[in-house]
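# Breakdown of the fold
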Amino acid sequence: MRVLIIGAGLQGITTAFYLLQGGAEVQVVDRAASAAQETSFANGGLITPSQADPWNSPGILQRMIHYLGQEHAPFLLRPGAIPGMALWGLSFLMASRRTPHRLATAASVRLAAYSARLLRELREQHDLQYDQLTTGTLKTFRDTSEFIEAQRMAQLMLEKGGVTYELWNPETAVAEVPALFGIRQQLKGAIFYPRDESGDAHLFTQQLASLLQQRGAALLFKTTVQRIAARGNAITGVHTSQGTLVADRYILAAGSYSPLLARGLHMRIPVYPVKGYSVTLPQGDWQEVPTIPLVDSSAKVVLTPMGKRLRIAGTAEFAGYDLTLNTRRARHVLEAALSFCPSLRPHIHEDQLEYWTGLRPMTPDGPPILGPTPYHNLYLNTGHGPLGWTMACGSAKLVADMLLDRVPEVDMAGLLLSRYRSVIGLS
Ligand SMILES: Cc1cc2nc3c(=O)[nH]c(=O)nc-3n(C[C@H](O)[C@H](O)[C@H](O)COP(=O)(O)OP(=O)(O)OC[C@H]3O[C@@H](n4cnc5c(N)ncnc54)[C@H](O)[C@@H]3O)c2cc1C
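Residues numbered from 1 in each chain as written. Predicted model: local features only at pLDDT ≥ 70, side-chain atom pairs only at ≥ 80, totals over all residues. Heavy atoms only, no water.

## Observations concerning the overall build of the chain
Just so we agree on the cut-off: The way it works is that DSSP assigns letters per residue, a run of H or I at least four long becomes a helix, a run of E at least two long becomes a strand, and they are numbered from the N terminus. The atom set for the radius of gyration is the C-alpha atoms, and the globule formula is 2.2 Å times the number of residues raised to the power 0.38. Categorising residues by exposure relies on relative accessible area from a 1.4 Å probe, with only protein chains included: less than 20% of the type maximum marks a residue as buried, more than 50% marks it as exposed, and the intermediate range marks it as partly exposed. Note on areas: Shrake-Rupley, 1.4 Å probe, and residue coverage restricted to the protein chains presented here. Counted charges follow a simple rule, with Lys and Arg positive, Asp and Glu negative, and His plus the chain ends left uncounted. We put the charge of a Lys on NZ, of an Arg on CZ, of an Asp on CG and of a Glu on CD.
If you tally the helices and strands in the chain, you get 11 helices and 20 strands. On C-alpha atoms alone, the chain measures out to a radius of gyration of 21 Å, which is about the 22 Å that the 2.2 N^0.38 rule sets for 427 residues. Counting only C-alpha atoms and orienting by the principal axes, one finds that the chain spans roughly 65 × 45 × 40 Å. Residues counted as buried form 58% of the 427 residues belonging to the chain. Accessible area for the chain stands at about 17100 Å²; split by element, carbon and sulfur atoms hold 53% of it. Where the 39 positive side-chain charges of the chain centre and where its 34 negative ones centre are 7 Å apart.

## Observations concerning a nonpolar patch on the surface
Selection criterion: For patch detection, residues must exceed 30% relative accessible area and be free of salt bridges, and they are connected within 9 Å for like charges or within 5 Å for nonpolar side chains (Val, Leu, Ile, Met, Phe, Trp, Tyr). A pair is scored as a salt bridge if a Lys or Arg side-chain nitrogen falls within 4 Å of a carboxyl oxygen belonging to Asp or Glu.
A surface patch of nonpolar side chains, amounting to about 340 Å² of accessible area, comprises Leu61, Ile65, Leu68 and Leu93. Examined against the element boundaries, leucine 68 turns out to sit in the loop between α2 (60-67) and β4 (75-77).

## A look at the domain arrangement of the chain
Under the convention used in this document: What counts as a domain boundary in this text is fixed by an automatic or database domain assignment. In what follows, a contact means two residues having at least one pair of non-hydrogen atoms within 4.5 Å. Accessible area that two parts lose when put together, evaluated with a 1.4 Å probe and summed over both, is termed the buried area. Two N or O atoms count as a polar contact when they lie within 3.5 Å, although within protein this holds only if one can serve as hydrogen donor and the other as acceptor, and sequence-adjacent residues are included solely when both atoms are side-chain atoms. Polarity classes work like this: nonpolar for Ala, Val, Leu, Ile, Met, Phe, Trp, Tyr, Cys and Pro, charged for Asp, Glu, Lys and Arg, and polar for all others, with Gly in that last group.
Domain assignment breaks the chain into domain 1 (2-40 + 203-269 + 366-424) and domain 2 (46-80 + 131-199 + 272-362). The C-alpha-based centres of domain 1 and domain 2 are spaced at 29 Å. Each side of the interface is counted separately: domain 1 has 16 residues, and domain 2 has 18 residues. When domain 1 packs against domain 2, the two sides together hide about 1400 Å² of surface, and 64% of this comes from carbon and sulfur. At the boundary of domain 1 with domain 2, the tally comes to 0 salt bridges. For the pair domain 1 and domain 2, the interface holds 8 residue pairs in polar contact (both at pLDDT 80 or more). Among the residues making up the side of domain 1 that touches domain 2, the classes are represented as 7 nonpolar, 8 polar and 1 charged.

## So, unusual backbone geometry
Not every positive phi belongs to a glycine, and lysine 222 is a case in point at roughly 50°. Inspection of the secondary structure puts lysine 222 in the loop between β9 (218-220) and β10 (225-231). The phi dihedral of threonine 315 falls on the positive side, at around 70°, and the residue is not glycine. Counting through the fold element by element, threonine 315 comes out in strand β17 (residues 309-318). Here threonine 315 falls in the buried class, since its relative accessible area comes to 7%.

The structure is reproduced here in structure tokens:
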């Protein structure tokens, strides 16, 4: 069976891997010159089933109103973006009610935990090296109510996804992670998730792409998909800048651009681009480099050691497809990290900072959209939002299994496109 995958980011490349393993003949097409050049390029690097709860937890509207107009807010809604996201925004708010949020969290953590297991297997089988760390993650709290709420969520993650955790008091946190010494008076506590991991998603995707090429997959780069053609309920081909490509089955894994390509098929995919920033810098001679990646609940920023580098990432901006690198906002991500690791400041050299911005492909309820569409030979692997690295291997295996008519190993409730019919009237 010939399968054509649109998109060579984390989702496209991992899906190609599992399809090839399952005996399919695989082609991947991407407009970039190599794999993982867009959102999968410089993300926070965390593989965190522990953080699988969707962002729109109950009370999100009040939090967004609170941040309105604040240029440095962790959530920023640009007024110009509102008309283009009205329907999506409404669904986002509806999904923030307690029961839908709980259901979406359960679906996300099931997928994330499955994915983390597959990533470990893949890494061991193929000796992949991508500056990975298997030391867990530590989430720190400077606000008591956030700490209490996070403990409730950690318990839910344990029940629904088997995600183990330990509660640390501020003394233990500072003893284990001396980089937190500067905020020991503000710390209310921390949660350590021993099974979380981290690593460079770009390095990983590139290595897997090389492996695919060695095993006979065709990776067509510098090839832009212009239109997906259909007749009745069948996809008949994909028109690209290099000509028309034809296969038996097709997978749309184009990240934030998936809904734009689906539009020509009169298919509405509720994925909206949510902009984020990262900064990468050398560890230099910072003595307190954490051995555990950190997530700070107040700053809403992650700090991940990656080989000899540090990756700091965060912020969410609803600004449509604008990929302008706003250096003030990028700088703010760095400052947010310094607010919980102040001893890093003297080791920062402006000329060594690499700023980056990317668009998280977000669904309104949180989990990605995997599997079948109204077209019998078109499948989706998109909408992973802030967790595309965490969920990549699991999503890919599930989509490959569905496409190859095998039974998926995880309950697909809450992960299929069909879940939106009742929410947004998808036809
Ligand atoms: C700041 C930031 C921090 C993040 N941190 C984390 C983290 O710590 N942990 C985590 O799990 N996730 C994180 N994420 C999320 C994660 O990076 C994404 O969910 C993931 O990269 C999405 O992968 P993708 O393959 O769907 O999209 P992409 O990587 O964007 O891949 C889509 C591909 O489709 C191609 N494409 C699009 N349109 C066309 C077209 N018309 N023709 C041809 N090719 C096309 C693009 O070139 C691209 O290569 C973060 C994201 C951001 C922005």
